[in-house]
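A structural walkthrough
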Amino acid sequence: SVGASGGTFGLMGAAAVLLERVPATIPWVRFLLWLALTLGIVISFLPEISLAGHIAGLLVGVPLGWLATVPSVGPPPEPS
């Protein structure tokens, strides 16, 4: 079943995609996100934990992260 943890995995999946698309990301934030995702998937194999819900959250969050727009990072454009 998909519950709050499935939604959390969806948000982490979307965040992982967005962090990979932004070149000026702080490296330790990216590392901590991937660590949380990895530990979450490993914990999902424990009894009474919904692996399917966690995977479903990732499968929804990752494409939504790809669809999200990333604002440009840099100085604002000069007025004409």
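Above this text is the structure in question.
Residues numbered from 1 in each chain as written. Predicted model: local features only at pLDDT ≥ 70, side-chain atom pairs only at ≥ 80, totals over all residues. Heavy atoms only, no water.

**Description of helix 3 (residues 51–67)**
Counted only if it meets this: Numbered from the N terminus, helices here are DSSP runs of H or I no shorter than four residues, and strands are runs of E no shorter than two. Each residue after the first adds 1.5 Å to the expected span of a helix. In what follows, a contact means two residues having at least one pair of non-hydrogen atoms within 4.5 Å.
The end-to-end C-alpha distance of helix 3 is 25 Å, a good match for the 24 Å that 17 residues give at a rise of 1.5 Å each. Buried residues along helix 3 sit against helix 1 (4–21) and helix 2 (27–43).

**Let's talk about the side chain of S44**
For clarity, the cut-off: Working definition: with a 1.4 Å probe on protein chains only, accessible area under 20% of the residue-type maximum means buried, over 50% means exposed, and in between means partly exposed. In the analysis that follows, any N or O atom pair within 3.5 Å is treated as a polar contact, provided that within protein one partner can donate a hydrogen and the other can accept it, and provided that, for residues neighboring in sequence, both atoms belong to side chains.
Along the chain, S44 turns up in the loop between helix 2 and helix 3. For S44, a relative accessible area of 2% translates into the label buried. At 2.7 Å, the side chain of S44 forms a polar contact with the backbone oxygen of G40. When neighbours within four sequence positions are excluded, S44 is seen to be in contact with F9, I49, L51 and H54.

**Regarding the pattern of salt bridges**
The criterion, for reference: Note on definitions: salt bridges are taken to be side-chain nitrogens of Lys or Arg within 4 Å of carboxyl oxygens of Asp or Glu.
As enumerated under the stated definition, the model contains one salt bridge in all. We note a salt bridge from R30 to E20, for which the minimum N-O separation is 3.5 Å. Residue R30 is located in helix 2, and its partner E20 is located in helix 1; the two are separated by ten residues in the primary sequence.

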